[in-house]
Amino acid sequence: MIYWQIFKTFFKIGLFNFGGGYPMISFIQNEVVFKYGWLNNAEFTDIVAVSQMTPGPVGINMATYTGYAASDSVWGAALATFAVCLPSFIVMILIARYFLKYQDHPCVKAVFRGLRPAIIGLIAAAALLLCDGENFVDIKSYFIFAFSFLLVFKYKCHPIMLILLAGATGLVFY
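Reference entry: report on the structure contained in this document. The structure displayed is predicted, hence computed values, not measured ones.

**Observations regarding the packing of aromatic side chains**
Under the counting rule described, the total for this entry stands at nine aromatic pairs. Their ring planes at 55° and their centres at 5.7 Å tell us that Phe143 and Phe173 sit as a pair that is tilted. Of this pair, Phe143 sits in helix α7 (residues 139-153) while Phe173 sits in helix α8 (residues 159-173); the two residues are 30 residues apart in sequence, bridging distant segments of the chain. On the accessibility criterion, Phe143 (44% relative accessible area) is partly exposed.

Here's what the structure looks like:
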């Protein structure tokens with residue numbers, strides 16, 4: 001039964017996700033933390049961090065880890081990964097032949113103009129949902145957050161450099 005739930009959940013996430021892995025974060029959190037309770041918020045935050053540090057797309061990495069955590073097996077990880085990729089594969093095969101032909105059509109352009117703000121909203125929702133008491137445990141964690149935000153927003157710090165700095169800061173502070 002858990003394998004069917006994993007497949008159905010990640011197929012749905014893959015089917016209704018637009019914009020890559022970051023908008024997928026809030027979808028995954030809603031399903032695996034709030035709906036099914038396979039993970040708690042702290043575990044989910046750890047998955048987000050590990051998924052960003054490991055090679056590959058964030059959404060697929062998150063699906064793999066979550067499938068493993070939910071089923072305690074490699075089969076759950078493989079199934080979640082397959083299920084999250086399957087809708088994109090099917091949709092890309094179906095529309096690949098038509099997109100190049102109709103990409104300049106006003107209706108297609110209008111759809112993409114409508115999707116852009118929604119994707120930004122999904123990314124912002126994922127970030128705000130992670131701002132809770134489990135992730136901000138003391139004043140030091142607020143400092144790390146503010147400093148990281150400043151480095152990215154003002155100085156365009158590279159994500160790998162930011163991860164290394166945050167890890168080093170965590171070693172010093174904690």
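**A closer look at the packing of helix α1 (residues 2-15) against helix α2 (residues 21-35)**
Two elements in contact, α1 and α2, have axes whose closest approach is 9 Å; the angle formed by their N-to-C orientations is 155°. Here α1 is positioned roughly antiparallel relative to α2, judged by the angle of their axes. In this structure, α1 meets α2 at a crossing whose hand is right-handed. Contacts from Thr9, Phe10, Lys12 and Ile13 in α1 reach Met24, Phe27, Ile28, Glu31, Val32 and Lys35 in α2. When its residues are assigned to classes, the contact of α1 with α2 shows six nonpolar, one polar and three charged.

**Quick word on α7**
Between its first and last C-alpha atoms α7 spans 21 Å; for 15 residues at 1.5 Å apiece the expected length is 21 Å, and the two agree. Within the span of α7, buried status applies to Ser141, Ile144, Ser148 and Leu151. Projection of α7 onto a plane perpendicular to its axis shows the buried side chains occupying an angular sector of 95°, all on one side. For α7, exposure combined with an orientation more than 90 degrees from the buried face picks out Ile139 and Phe153.

**So, the layout of surface pockets**
Of the volumes computed, that of the largest pocket is approximately 1,600 Å³. Looking at the lining of the largest pocket, the elements that each hand over two or more residues are α2, α3 (41-53), α6 (106-129), α7 and α8. The residue makeup of the lining of the largest pocket, split by class, is 25 nonpolar, seven polar and two charged. Computed from the structure, the second largest pocket encloses a volume of approximately 680 Å³. Asn17, Phe18, Ser88, Val91 and Met92 are, among the 26 residues lining the second largest pocket, the residues nearest its centre. Elements represented by at least two residues in the lining of the second largest pocket include exactly α1, α2, α5 (74-102) and α6. No other element matches α5, which puts 11 residues into the lining of the second largest pocket. Looking at the lining of the second largest pocket residue by residue, the class counts come to 20 nonpolar, six polar and no charged.

Quick notes on the rules
- Residues numbered from 1 in each chain as written.
- Predicted model: local features only at pLDDT ≥ 70, side-chain atom pairs only at ≥ 80, totals over all residues.
- Heavy atoms only, no water.
- Phe/Tyr/Trp six-rings, centres within 6.5 Å; stacked < 30°, edge-to-face > 60°.
- Helix = DSSP H or I, 4+ residues; strand = E, 2+ residues; numbered from the N terminus.
- Buried < 20%, exposed > 50% of the residue type's maximum accessible area, 1.4 Å probe, protein only.
- Axes fitted to C-alpha atoms, helices over the stretch in contact; angles between N-to-C directions.
- Parallel < 35°, antiparallel > 145°, perpendicular 65-115°, else oblique.
- Left-handed = near helix turned anticlockwise from the far one by under 90°.
- Contact = heavy atoms within 4.5 Å.
- Nonpolar A, V, L, I, M, F, W, Y, C, P; charged D, E, K, R; others polar.
- Expected span 1.5 Å × (residues − 1).
- Arc of directions from axis to C-beta.
- 1 Å grid on protein atoms, 1.4 Å probe; cavity = no way out; pocket = protein on both sides within 12 Å on 5 of 7 lines; lining within 4 Å.
- Points joined across faces, edges and corners; volume = space filled by probe spheres on them.

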